[in-house]
Amino acid sequence: IVKSDIYYDLNDEDYSQEGLGRNFTGKVVLTTGSSSGIGEGIVKLFSRLGANVVVTGRKANEVQRVAEEAQELSPLKLKPLAIVADVTKSADLNRLISKTIDTYGKLDILVNNAGAGFYGSFRAPDFMTKFDQSVALNLRAYLELTHLAVPYLDETNGTIISISSTSSTLPTPGGLAYEVAKTGVDMMTRTLALELGPRIRVNTINPGLILTNFINHTDPDVIDKVDREVIARTPLKRPGVPLDIARAVVFLASKEASFITAANLVVDGGLVYNAGGLSSP
Ligand code: NDP
């Protein structure tokens, strides 16, 4: 056994420490797209577990609302750092990192999450515009922010978790611009895990359908479709909620996951493997 303190921690054999990896007191967590949905769930859970969290998105009022709600959940009522930023702008990404470091002096956990669906027929005249917008938000911004964060994550033996989608493996007509970007996120994770280890662990979560503003989940037609199609095909018989993904992020960031890197963790109630193959005759 190699006992370098970089990649072999003798305390990993100490069973009396089990479960303590879920206490994030003193850790600094930056989650993009945390003004809504999955990202909101992630910052709230980390705040609940004692971390210093950065809340960010483009809508100032939503950033403020989530920051206040996350502070209420914090055991020590730690005030989150609230930053209004557009992740498709390099200057804003630089500001996200520099403000985080100026405020907390370090970064432990980066969660790439800000994203949106870009759907439409490949034959539509505006396909390439949609493709460029999708890649800029769902892939390029992840890579650029990660590139800026790595020098700080090197210092903390930090971790990177990127929110991809089950769409990275499930083709859907009209979904190409989104699916290609999310497939890129999966591969970015695998390659960076090889390149950034042993200091930094890099993983992806692939959510299935989660009730957020990503879909118009207050529209009766959408609710009806979710009820009829998605729940019927989901082995666990419900759509996901942000806390389902937040729990998975916390797991991957915690000491319990200290030997997990380059992984794609599907969190979808089993939907992705229920693609409707023929039943046996
Ligand atoms: P929401 O629409 O609820 O949240 C998206 C978040 O991203 C918001 O905080 C939004 O903030 C932010 N955002 C969007 N564009 C930008 C931008 N240009 N700059 C900065 N922030 C931006 O959706 P979800 O929570 O569902 O989505 C989060 C992630 O989960 C996405 O990557 C999505 O692809 C992925 N996902 C979602 C699934 C689902 O079923 N919900 C399934 C699989 C994956 P603001 O509007 O304030 O800028």
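To start, this report covers the structure provided alongside it. (Residues numbered from 1 in each chain as written. Predicted model: local features only at pLDDT ≥ 70, side-chain atom pairs only at ≥ 80, totals over all residues. Heavy atoms only, no water.)

You can see Asn203 is positioned in strand S6 (residues 201-207). Of the residues examined, Asn203 reaches a relative accessible area of 0% and is grouped as buried. Leave out the neighbours within four places in its chain, and Asn203 touches Ile160, Ile161, Ser162, Thr189, Leu252, Ile260, Thr261, Ala262 and Ala263. (Helix = DSSP H or I, 4+ residues; strand = E, 2+ residues; numbered from the N terminus. Buried < 20%, exposed > 50% of the residue type's maximum accessible area, 1.4 Å probe, protein only. Contact = heavy atoms within 4.5 Å.)

So, about the site of the ligand. Taken together, 30 residues lie around the ligand, and Ser36, Arg58, Lys59, Tyr178 and Thr212 are the ones closest in. In this structure, Tyr178 approaches the ligand through a side-chain N or O atom, which is 2.6 Å from an oxygen atom. In isolation the ligand has 880 Å² of accessible area, and contact with the protein removes 94% of it. At the level of elements, helix H1 (37-48), helix H4 (127-156) and helix H5 (176-196) are the ones that each hand at least two residues to the shell around the ligand. Of the residues assigned to the shell around the ligand, the class counts are 12 nonpolar, 14 polar and four charged. (Near = heavy atom within 4 Å. Polar contact = N/O pair within 3.5 Å; in protein donor to acceptor, adjacent residues only side chain to side chain. Areas by Shrake-Rupley, 256 points an atom, 1.4 Å probe, with all protein chains shown as cover. Nonpolar A, V, L, I, M, F, W, Y, C, P; charged D, E, K, R; others polar.)

Our focus in this paragraph is the side chain of Thr159. Locating Thr159 in the fold gives a position in strand S5 (residues 159-163). Among all residues touching Thr159, those that are not within four sequence positions of it are Asp108, Ile109, Leu110, Leu153, Ile200, Arg201, Leu252 and Ala253.

Taking 1.5 Å as the rise per residue, helix H2 (residues 60-73) with 14 residues should run 20 Å; its terminal C-alpha atoms sit 20 Å apart, in good agreement. Among the residues of H2, Val63, Val66, Ala67 and Ala70 are the ones counted as buried. Angularly, the buried residues of H2 cover 105 degrees about the axis, an arc narrow enough to put them on a single face. Among the exposed residues of H2, those pointing more than 90 degrees away from its buried face are Asn61 and Glu72. Buried residues belonging to H2 abut H1, strand S2 (52-57) and strand S3 (81-84). (Expected span 1.5 Å × (residues − 1). Arc of directions from axis to C-beta.)

Here we take up the packing of aromatic side chains. Here the structure, examined in full by the defined rule, presents five aromatic pairs. Counting every residue linked through ring pairs, the aromatic cluster contains Tyr119, Tyr178 and Phe214. (Phe/Tyr/Trp six-rings, centres within 6.5 Å; stacked < 30°, edge-to-face > 60°.)

A cluster of nonpolar side chains, Phe122, Leu176 and Val180, forms an exposed patch at the surface whose accessible area comes to about 270 Å². Structurally, Val180 is set in helix H5. (Patch = residues over 30% accessible without salt bridge, like charges linked within 9 Å, V, L, I, M, F, W, Y side chains within 5 Å. Salt bridge = Lys/Arg side-chain N within 4 Å of Asp/Glu carboxyl O.)

Before going further, it helps to examine the pattern of salt bridges. A side chain of one charge can pair with a side chain of the opposite charge if their charged atoms are brought near each other. Counted by the stated rule, this structure contains 13 salt bridges. Of the charged contacts in the structure, one is a salt bridge between Arg228 and Asp224, with a shortest N-O distance of 3.0 Å. Placement of the pair is Arg228 and Asp224 together in helix H6 (residues 220-233), with a separation of four residues, close to one helical turn. Given a relative accessible area of 36%, Asp224 falls into the partly exposed group. A salt bridge links Glu229 to Lys225, with the nearest nitrogen and oxygen atoms 3.6 Å apart. Taken together, the residues span about one helical turn, with Glu229 and Lys225 both in helix H6 at a distance of four residues. Residues joined in a network through salt bridges with shared partners are Glu40, Lys44, Glu62, Arg65 and Glu69.

What follows is about the pairing of S5. Summarising burial for S5: five of the five residues are buried, a large majority. Alternating positions in S5 separate into two faces, Thr159, Ile161 and Ile163 on one and Ile160 and Ser162 on the other, with burial throughout. Strand direction decides the pairing type here: strand S4 (residues 109-112) and S5, joined by four bridges, are parallel. By the bridge assignment for S5, Asn112 is matched with Ser162. (Pairing = 2+ DSSP bridges.)

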